[in-house]
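Results of the structural survey
Residues per chain are reported as follows:
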Amino acid sequence: MKNLTVELTLQNLKTIKLWKFLLPKDRELTRADHETMTKINALAIAAREQVELQRRLERIRYRE
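What comes next is a walk through the structure. (Residues numbered from 1 in each chain as written. Predicted model: local features only at pLDDT ≥ 70, side-chain atom pairs only at ≥ 80, totals over all residues. Heavy atoms only, no water.)

This paragraph deals with a positive patch on the surface. Together, Arg-55, Arg-56, Arg-59 and Arg-63 make up a positively charged patch on the protein surface. As for its placement among the helices and strands, Arg-55 is situated in helix α2 (residues 31-63). (Patch = residues over 30% accessible without salt bridge, like charges linked within 9 Å, V, L, I, M, F, W, Y side chains within 5 Å. Areas by Shrake-Rupley, 256 points an atom, 1.4 Å probe, with all protein chains shown as cover. Salt bridge = Lys/Arg side-chain N within 4 Å of Asp/Glu carboxyl O. Lys, Arg positive; Asp, Glu negative; His and termini not counted. Charge placed at Lys NZ, Arg CZ, Asp CG, Glu CD. Helix = DSSP H or I, 4+ residues; strand = E, 2+ residues; numbered from the N terminus.)

Structural data, given as structure tokens:
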């Protein structure tokens, strides 16, 4: 079986995070909910860092 990946954009991650905040407020978050939010936050940070790295590389290439 081939290794399958799913690409999520920073906007996708922000939307997923927004959905969490739109859940009913009377529902208590489970450990799994907290772990999922932590992972989404980590993915968002990684996506932002990737965008910033790409911009820096493009500026370096432009100068050359």
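After that view of the structure, there is still more to cover.
On to the nonpolar core, then. Counting residues in hydrophobic clusters, the biggest one holds 5 residues: Leu-13, Met-37, Ile-40, Ala-44 and Ala-47. For this core, the element with the most residues is α2, which contributes 4 residues. Not counting residues within four places of it along the chain, the set of residues in contact with Ala-47 comprises Leu-10 and Leu-13. (Core = buried A, V, L, I, M, F, W, Y, C linked by side-chain atoms within 4.5 Å. Buried < 20%, exposed > 50% of the residue type's maximum accessible area, 1.4 Å probe, protein only. Contact = heavy atoms within 4.5 Å.)

The subject of this paragraph is α2. Over its 33 residues, α2 runs 48 Å from end to end, which matches the ideal 48 Å to within 8%, given 1.5 Å per residue. Every buried residue of α2 is listed here: Asp-33, Met-37, Ile-40, Ala-44 and Ala-47. Tucked into the core, α2 has its buried residues touching α1 (10-22). (Expected span 1.5 Å × (residues − 1).)

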